[in-house]
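# A look at the structure
Spelled out, the chains give:
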Amino acid sequence: MVDTPAAEPSPAAPGYDQGSIQVLEGLEAVRKRPGMYIGDPHDGTGLHHLVWEVVDNAVDEHLAGYCDAVQVTVHSEGSITVVDNGRGIPVGMHAKGVSAAEVVMTQLHAGGKFNSDSYSVSAGLHGVGVSAVNAVSEWLKMEIRREGKLWFQEYARGVPKAPIEPIGTSKKNGTKITFKPDPQIFTMTNFSFEVLNNRLREISFLNAGLEVVLEDERGEGKKVTHKFEGGIREFVEALNKKKTPLHDSVIYLHAVKDGVDIEIAMQWSDSYNESIFPYTNNVFNRDGGTHLTGLRTALTRVINQYGSREKLLKDLKNPLGGDDVREGLTAIISVKHPDPAFSSQTKDKLVSSEVKGIVESVVNEKLSQYLEEDPKSGKRIVEKAVLAARAREAARRAREMVQRKGVLDASTLPGKLADCQSKDPSESELYIVEGDSAGGSAKQGRDRRFQAILPLRGKILNVERARFEKMLSSAEIGTLITALGCGVEGGDNFDIDKLRYHHVIIMTDADVDGSHIRTLLLTFFYRQMPKLIDNGYLYIAQPPLYKVKRGKKLRYLQDDGALSRFLIETGTDNVRLSMTAGGTQLTGEPLRNLLKDLSRFRLLLENIGHRVDPLVVEALVTATDLAVGDLADKAKIETALEAIGAHVSAKRQGELSARIEQDEEHDRQRIVIETQHGVTRRTTTIDFDFLSAGNVAELRQIHQGIVALGRPPFVVTMLDKDGKPTEDSTEVPDIESLWANIDARARRGLGIQRYKGLGEMNPDELWETTMDPEMRTLLQVRIEDALEAEELFSVLMGDQVEPRRAFIESNALNVTNLDI
Ligand code: 0RA
């Protein structure tokens with residue numbers, strides 16, 4: 001909550017008046033209803049949206065011709081940095097002694113006031129600007145390089161801590177924003193590398209020459225750079241990487257007409273799918289719109305014209321249809337429009353009517369020209385369309401055949417299906433199970449009144465790459481369609497009312513093969529029965545990863561996180577922690593919180609350790625209180641260096657040397673510490689950036705909590721049933737050993753089994769953990785956000801296998817936690 005400043009002006013930001021009260025009201029509105037402004041704060045959409053809002057501003061700078069590099073860095077404690085080399089947010093004084101930058105950062109929709117560039121994407125999905133990001137950030141730090149200076153300002157929950165001020169000099173230009181999404185607002189605070197990377201890659205494809213870097217400081221650390229001089233041409237090449245193109249070079253059309261910039265890249269391959277991705281101002285339009293319609297209309301016309309002129313259509317009774325012309329086509333159409341109109345706030349569909357005609361005339365003219373100039377490619381493209389027209393005719397006949405055979409209706413249920421007794425879809429469930437052995441256990445363990453089991457053997461056909469008829473002829477898919485009873489989209493006879501189960505549950509192993517099969521099934525449903533997903537009928541089962549046994553008591557745990565919580569829980573049960581020096585004693589919840597803090601401390605240090613020497617950082621946060629401001633003070637730096645040296649040499653042998661350099665931009669010193677331990681040499685730079693980082697602040701905060709407990713050694717004492725101390729008591733020398741002691745205590749007498757697959761569970765276990773509606777966890781599959789589902793899905797399916805798996809593992813079409 002933001003304090004109301006009306007009665008008493010905040011000392012940090014003097015001069016509050018009517019205007020600033022309105023500002024606070026605006027920011028407060030965002031904090032109260034974050035969903036309305038930045039998207040759902042609980043499922044990751046809102047969280048990632050914060051990044052897009054800032055990145056979009058950088059892209060605007062690029063579109064205006066001032067920025068060619070953007071870097072996004074995910075920090076390990078939950079904050080994120082976006083740096084660009086654009087013009088920098090204007091810093092001049094605006095009305096009432098407030099800088100323009102502060103207005104941009106605190107007033108909703110303020111960006112446009114200072115910006116008259118013609119194309120803008122920063123209207124964003126919800127069109128609120130970076131001030132919304134600021135409002136929902138626990139803290140935000142902003143550095144602006146502009147007019148020869150480096151300007152700095154910091155905010156807490158949208159409120160400036162002090163006016164913007166120049167803190168150094170710089171010859172560069174640009175903006176750097178670091179923010180920490182507020183955990184009071186976001187329950188989902190974990191940035192997904194995949195989600196960030198996919199969108200950032202897409203942004204760099206859509207903006208030729210813009211370099212976009214994503215760095216992930218969590219875990220082992222990752223860094224990827226995207227830069228495509230060829231822009232959407234390279235996008236199409238990437239989409240077609242695993243396909244066989246019919247012509248070598250991607251067809252590229254570009255024109256600016258009536259203030260609208262149109263770019264189209266296309267290439268036909270021997271595949272059977274149409275993949276046209278329409279964008280407006282860098283935003284994907286999942287439902288297409290006037291640009292897509294214009295392109296389709298013109299394509300059909302140009303290719304028919306060219307085909308008949310070249311006498312390539314002689315054998316056909318009818319002209320080529322749109323579907324024929326587009327079979328195997330991969331295309332990007334990217335429109336930059338100064339004032340586009342959309343059907344909805346989420347920009348699913350472009351409705352600006354003039355765009356259709358503009359696109360048509362561009363394609364009519366330029367594609368005809370292309371085909372004239374490259375007749376070899378032209379001929380191949382037409383021949384492919386002719387084949388498609390013939391195949392379509394054959395397919396119609398084939399479909400009539402299969403329909404007669406009954407694959408598409410449920411009159412004859414497949415033998416592999418163990419159906420349930422109920423005929424009421426609303427209470428019936430179908431488990432699609434990987435492998436016959438798990439299928440066997442599921443059949444024995446189920447409640448046959450309402451649960452049906454369909455075991456699938458091996459990998460189902462990859463439906464993305466196959467023609468409809470071929471797919472139907474695959475036994476596994478045919479069985480599945482028959483069991484579901486509702487037909488498929490491509491069969492023209494899909495009927496959701498005929499679906500026999502309202503819970504269709506995919507149950508696969510938690511390994512690589514299992515995730516691949518799950519991906520293939522999701523693709524199948526996504527392509528052939530999207531309504532099943534729309535209606536919320538598709539689920540993913542969540543078998544547990546661990547079985548934990550103590551005596552006769554059994555627990556099942558979902559994942560590694562659950563195991564570690566369980567160990568803390570049991571390890572602190574009936575335990576008391578006390579200081580020998582007297583005073584503090586901890587039991588129960590406070591003790592558990594201490595252990596959670598300790599585990600967080602270790603995790604943060606471990607993460608930092610991938611880049612710098614963690615022992616130096618530990619020394620910095622535990623043995624000094626060096627702050628950003630102290631970097632201008634030689635004496636304070638010397639004192640801190642001594643303390644760091646002492647801490648490090650007390651912990652291990654090795655060399656340590658330090659030097660002090662000048663950090664011009666921030667008008668401060670920078671401490672560079674070189675350490676050598678065994679064969680590892682490391683450099684740790686302690687500077688403005690390092691000391692302002694969120695992880696250093698959090699490490700310090702946790703450490704202070706621990707210091708407040710009192711001095712080691714500690715005593716861990718077991719308590720009896722009545723909470724009375726027993727004889728069983730151990731002294732631990734320091735806080736690190738406390739962790740080991742509790743962990744060992746927790747594991748004593750426990751049998752921990754890690755399941756490798758469903759096959760390891762007997763029917764009872766499978767029922768109890770994964771199938772019993774009272775106990776199980778199910779993930780509901782949703783297609784909500786166009787960007788994160790449809791488009792990425794298609795992009796990945798045509799692409800390499802690895803990222804495809806990773807996508808499904810980390811977001812499985814925006815899977816949300818349903819039960820429990
Ligand atoms: C307002 C006006 C101008 C640029 C920006 C805002 C701006 C905002 C952000 C946010 C992240 N990076 C950014 N870069 C620029 C126009 C500046 C001018 O006219 O000089």
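Basis of the calculations
All chains use their own residue numbering, which begins from 1 and follows the written sequence. A pLDDT threshold of at least 70 governs which residues receive local features in this predicted model, and a stricter bar of 80 or more applies before side-chain atom pairs are shown or counted, although totals over entire chains, interfaces and linings include all residues. The basis for every side-chain value is the complete set of heavy atoms in the structure, and neither hydrogens nor water enter the calculation. Numbering of helices and strands starts at the N terminus; helices are DSSP runs of H or I of at least 4 residues and strands are runs of E of at least 2. Burial here depends on accessible area, computed with a 1.4 Å probe over protein chains only, as a share of the maximum for the residue type. Under 20% is buried, over 50% is exposed, and the range in between is partly exposed. Should any heavy atoms of two residues lie within 4.5 Å, those residues are counted as being in contact. Accessible surface is estimated by sampling points in the Shrake-Rupley manner with a 1.4 Å probe; for residues, cover comes only from the protein chains shown. Strands are treated as partners if at least two bridges between them are detected by DSSP. On a scale of 0 to 100, pLDDT captures the predictor's confidence in every residue. The rule is short: rings of Phe, Tyr and Trp, with Trp giving its six-membered ring, pair when the centres are within 6.5 Å, and they are stacked under 30 degrees, edge-to-face over 60, tilted in between. Here the expected span of a helix is defined as 1.5 Å times the quantity of residues minus one. We call a residue near a molecule or strand whenever a single non-hydrogen atom of that residue lies within 4 Å of it. Contacts described as polar in this section are N or O atom pairs within 3.5 Å, which, within protein, must combine one atom able to donate a hydrogen with one able to accept it, while residues neighboring in sequence count only if both atoms come from side chains. Each residue gets one label: Ala, Val, Leu, Ile, Met, Phe, Trp, Tyr, Cys and Pro are nonpolar, Asp, Glu, Lys and Arg are charged, and the others, such as Gly, are polar. Only one rule defines a salt bridge in this text: a Lys or Arg side-chain nitrogen within 4 Å of an Asp or Glu carboxyl oxygen. Axis definition: a line fitted to C-alpha atoms, over the contacting stretch in the case of helices. Angles run 0 to 180 degrees between N-to-C directions.

### Things to note about the overall build of the chain
Scanning the chain from N- to C-terminus turns up 26 helices and 30 strands. Counting all 820 residues of the chain, 56% fall into the buried class. Of the contacts formed within the chain by residues at least 6 apart in sequence, a portion of 68% connects residues at least 24 apart. Here the chain has roughly 35800 Å² of accessible surface; of this, 49% comes from carbon and sulfur atoms.

### A few points about the sheet that holds strand β21 (residues 575-579)
Sheets are built from strands that pair by backbone hydrogen bonding, the pairs being arranged parallel or antiparallel. The 4 strands are arranged β22-β21-β26-β27 in an open sheet whose pairing can be described as antiparallel. At either end of the open sheet lies a strand with only one pairing partner, and these are β22 (585-586) and β27 (725-732). Two elements, β21 and strand β26 (residues 714-719), share 5 bridges in a ladder whose sense is antiparallel. Among the inter-strand pairings, S578 is bridged to a residue of β26, identified as V715.

### Section: unusual backbone geometry
Of note, the bond from P712 into P713 is cis; its omega dihedral lies within 30 degrees of zero at 0°. Summarising the element assignment, P713 is placed in the loop between α22 (694-707) and β26. A positive phi angle is found at E147, which is not glycine, with a value near 55°. Residue position: E147 is located in the loop between β3 (137-146) and β4 (149-156). Under the relative-accessibility criterion, E147 is labelled exposed at 57%. For D258, which is not glycine, the phi dihedral falls at a positive 50°. Residue D258 is classed as exposed on the basis of its relative accessible area of 68%.

### Considerations on the confidence of the model for the chain
Taken as a whole, the chain shows an average pLDDT of 86; of its residues, 87% reach a score of 70 or greater. In this model, residues 784-820 is a region of pLDDT below 50 whose contacts with residues beyond four sequence positions or in other chains number 106 contacts.

### Some points on the packing of aromatic side chains
Applying the stated rule across the entire model yields 7 aromatic pairs. Between F152 and F688 the ring centres are 5.4 Å apart and the planes differ by 90°, which places this aromatic pair in the edge-to-face class. Of the two residues, F152 sits in strand β4 while F688 sits in helix α21 (residues 688-692), which places them 536 residues apart along the sequence. An identical accessibility class is assigned to F152 and F688; each is buried.

### Some thoughts on helix α6 (residues 193-206)
For an α-helix, the turn length of 3.6 residues means that residues three or four places apart are oriented alike. With 14 residues, α6 extends 20 Å from end C-alpha to end C-alpha; this agrees with the ideal 20 Å at 1.5 Å per step. Burial analysis of α6 places 14 of its 14 residues in the buried class, the great majority of the element.

### Considerations on the site of the ligand
In the vicinity of the ligand lie 11 residues, with N57, D84, R87, I89 and R146 positioned nearest. Contacts to the ligand include R87, whose side-chain N or O atom sits 3.2 Å from an oxygen atom. Counted by class, the shell around the ligand contains 3 nonpolar, 4 polar and 4 charged residues.

### Notes on the pattern of salt bridges
For the structure shown, the criterion picks out 39 salt bridges. Across the pair D689 and K176 runs a salt bridge whose closest N-O atoms are separated by 3.1 Å. Highlighted residues: D689 in helix α21 and K176 in strand β7 (residues 174-181), separated in sequence by 513 residues. For D689, a relative accessible area of 35% gives the class partly exposed. Exposure remark for K176: the relative accessible area of 17% places this residue in the buried category. The closest approach of N and O atoms between E760 and K756, which form a salt bridge, is 3.9 Å. Judged by its relative accessible area of 34%, E760 is partly exposed.

### Comments concerning the sheet that holds strand β25 (residues 680-686)
The strand order β23-β24-β25 describes an open sheet built from 3 strands, whose pairing is antiparallel. Strands at the two margins of the open sheet, each flanked by one partner only, are β23 (655-663) and β25. When the angles between neighbouring strand axes are averaged without regard to direction, this sheet yields 20°. Pairing of β23 with strand β24 (residues 668-677) involves 9 bridges; the strand directions are antiparallel. Counted as the bridge partner of S657 is E674 from β24.

### Examining the pairing of strand β9 (residues 222-226)
As paired elements, strand β8 (residues 211-216) and β9 share 5 bridges and run antiparallel to each other. Within β9, the position partnered with V213 by the bridge is T225. Hairpin remark: β8 followed by β9, antiparallel, with 5 residues in the connecting loop; positive phi at G219, about 55°.

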